[in-house]
Every structure is written in C-alpha cells, then in structure tokens.
Amino acid sequence: MSDADSINARTIAEFRANHGQVGGGFAGAPLLLPHTVGARSGAQRINPVMYLPDRERYLVFASKAGSDRNPDWYHNLLAHPDAQIEVGDEILTVHASVLERDERDAAFAEQASRYPGFAGYQNKTERIIPVIALTPTGVPGASTPSPSA
C-alpha cells in the first residue's frame, strides 16, 4: 500500500467513524467520499475530497495539490459520471458534470476564498483545475457505507 493509499484509508475510516468529520489537514473542512469506478481498471475506488455546497449540488475540485495532472478520480467520473457519494452518514447517488468556464471560475474563486490553498494549487500548475458538480439524482443510495476503501 502506498503512502497516499494509507492516508486515504485512514481518512476514510475516520470519516465513517465520526459522521463525516476528520482531523489533520481536513479538520473543519467539508469532506465527502466519492465512490468511483476506475476509467481503465473498472475497479471500485474511494477518495476523500473537499467540496463546496452549491444549492443541492456538491462541487469538487480536481486540484491534485497543484499537480500538472488531473487526479484519477476525475478521469473516473468522466468515464462513469453516475456514482455515489458519502456525505456525513448519508449515501447519495449523483451525476457528475464538469462546470463550464464562467461557472467554473466563480465556483473556484469561492473555494479559494474559503480555502486559500486552492489558489496556491492553481498557481502551481498551468492547467485549469476542473470543477465538477455532483448532483443528486434522487435514486436511493445504499443504506450503509461499504467497509472497504
């Protein structure tokens, strides 16, 4: 297990044990767990990500800490946009869509004003960090989170 996988596994366990709240670098931040299907592998994946509430939607930011590459979960959502997310103790079925430029810019500016690290991530890379809207579909999710990460 890589360091990133180990950190994710610990964060996921803490999230589930504490009704969606975690400490460390995510302390106090709104966090959700998208359940994605690997774009190439087809394997189930879960990665903790910060979100910005936007009416009924959850906006997530494919920052990858300012890497020049988008995170794998972003590619997974592009390939399989119908997914589930855990928010607090709730599991929701969602549809993912990438925000277009003006809406993306406004959402990113709001996230960067709340969490300045996101502005730093954008400054570290030449790519425009995508913003993805996760919109609940009304399709019921599972009643309890899967214990595997």
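## Side note on unusual backbone geometry
Now for step 1: At Arg55, a position not held by glycine, the phi torsion is positive, near 50°.
Now for step 2: Relative to the assigned elements, Arg55 resides in the loop between strand 3 (49-54) and strand 4 (57-61).
Now for step 3: With phi around 55°, Ala65 is a residue other than glycine that occupies positive phi space.
Now for step 4: Its location among the elements puts Ala65 in the loop between strand 4 and helix 2 (72-79).

## A few points about helix 3 (residues 101-114)
Now for step 1: Compared with the 20 Å implied by 1.5 Å per residue over 14 residues, the 20 Å span of helix 3 between its first and last C-alpha is a close match.
Now for step 2: Turning to helix 3, its buried residues are Arg104, Ala107, Phe108, Gln111 and Ala112. Relative to the axis of helix 3, the buried residues are bounded by an arc of 135° and lie together on one face. Along helix 3, exposed side chains directed more than 90 degrees from the buried face belong to Asp102 and Ser113.

## Structural notes on the pairing of strand 5 (residues 82-87)
Now for step 1: Examined bridge by bridge, strand 1 (residues 31-37) and strand 5 share three bridges and lie antiparallel to one another. Paired with His35 across the two strands is Gln84, which belongs to strand 5.
Now for step 2: As judged from the six bridges shared by strand 5 and strand 6 (residues 90-98), these two strands associate in the antiparallel manner. Looking at the pairing, Asp82 lines up with His95 of strand 6.
Now for step 3: The hairpin turn running from strand 5 into strand 6, its antiparallel successor, is two residues long, and Gly88 in that turn takes a positive phi close to 60°.

## Points about helix 1 (residues 3-17)
Now for step 1: When the terminal C-alpha atoms of helix 1 are compared, their 21 Å separation across 15 residues agrees well with the 21 Å that a helix rising 1.5 Å per residue should span.
Now for step 2: Considered for burial, the residues of helix 1 that qualify are Thr11, Ile12 and Phe15. Taken end-on, helix 1 shows its buried residues confined to a sector of 100°, consistent with a single buried face. Pointing more than 90 degrees away from the buried face of helix 1 are the exposed residues Asp3, Arg10 and Ala17.
Now for step 3: On its buried face, helix 1 is in contact with strand 1, strand 2 (44-46) and strand 5.

Calculation rules
- Residues numbered from 1 in each chain as written.
- Predicted model: local features only at pLDDT ≥ 70, side-chain atom pairs only at ≥ 80, totals over all residues.
- Heavy atoms only, no water.
- Helix = DSSP H or I, 4+ residues; strand = E, 2+ residues; numbered from the N terminus.
- Expected span 1.5 Å × (residues − 1).
- Buried < 20%, exposed > 50% of the residue type's maximum accessible area, 1.4 Å probe, protein only.
- Arc of directions from axis to C-beta.
- Pairing = 2+ DSSP bridges.
- Contact = heavy atoms within 4.5 Å.

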